[in-house]
Amino acid sequence: MPAEVLEIFDWIANAFAGWRYLFSPSFRKRTHARWKAEGRGKAVVEILFGTLGVLFTIFLVWLVVNLLRS
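Quick caveat, the model's predicted, so the values are computed rather than measured.

Quick notes on the confidence of the model for the protein chain
- Across the protein chain, pLDDT averages 88, with 99% of residues at or above 70.
- Looking across the protein chain, the model is least confident in helix α1 (residues 2–23), with a mean pLDDT of 81, and most confident in helix α2 (residues 25–38), with 96.

Description of helix α3 (residues 40–69)
- Here α3 contains 30 residues, and its C-alpha end-to-end distance of 43 Å stays within 8% of the 44 Å for a straight helix at 1.5 Å per residue.
- All buried positions along α3 are accounted for by Ala 43, Gly 50, Gly 53, Val 54 and Thr 57.
- Packed against the buried residues of α3 are α1 and α2.

Comments concerning the packing of aromatic side chains
- Scanning the model with the defined rule gives three aromatic pairs in all.
- When the ring of Trp 19 is compared with that of Phe 23, the centres are 6.0 Å apart and the planes differ by 0°; the resulting orientation is stacked. Highlighted residues: Trp 19 and Phe 23, both in helix α1, separated by four residues, approximately one helical turn.
- Classification of Trp 19 as partly exposed rests on a relative accessible area of 24%.
- For Phe 23, a relative accessible area of 63% translates into the label exposed.
- With 5.8 Å between their ring centres and 35° between their planes, Tyr 21 and Trp 35 make a pair best called tilted. Highlighted residues: Tyr 21 in helix α1 and Trp 35 in helix α2, separated in sequence by 14 residues.
- Taking the relative accessible area as the measure of exposure, Tyr 21 reaches 23% and is therefore partly exposed.
- Cation over ring: Arg 28 sits above Tyr 21, and NZ or CZ is 5.8 Å from the ring centre.

What counts as what
Residues numbered from 1 in each chain as written. Predicted model: local features only at pLDDT ≥ 70, side-chain atom pairs only at ≥ 80, totals over all residues. Heavy atoms only, no water. pLDDT = per-residue confidence, 0-100. Helix = DSSP H or I, 4+ residues; strand = E, 2+ residues; numbered from the N terminus. Expected span 1.5 Å × (residues − 1). Buried < 20%, exposed > 50% of the residue type's maximum accessible area, 1.4 Å probe, protein only. Contact = heavy atoms within 4.5 Å. Phe/Tyr/Trp six-rings, centres within 6.5 Å; stacked < 30°, edge-to-face > 60°. Lys NZ or Arg CZ within 6 Å of the ring centre and 35° of its normal.

Here is the structure:
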């Protein structure tokens, strides 16, 4: 049970990693170096989940704005 509860923090960190990648050149540079070392498969998975995290946070902001406007 405690492990599942702590997993939410991992999800939150992954959601913000996509935003950090977009806005932080130093993070992007370190990420590219790590992807070169770890291989293309790891990069594809991280790109997919980073994109999903960005889209999900945009959706949440859109949802909150629409709820507040109603």
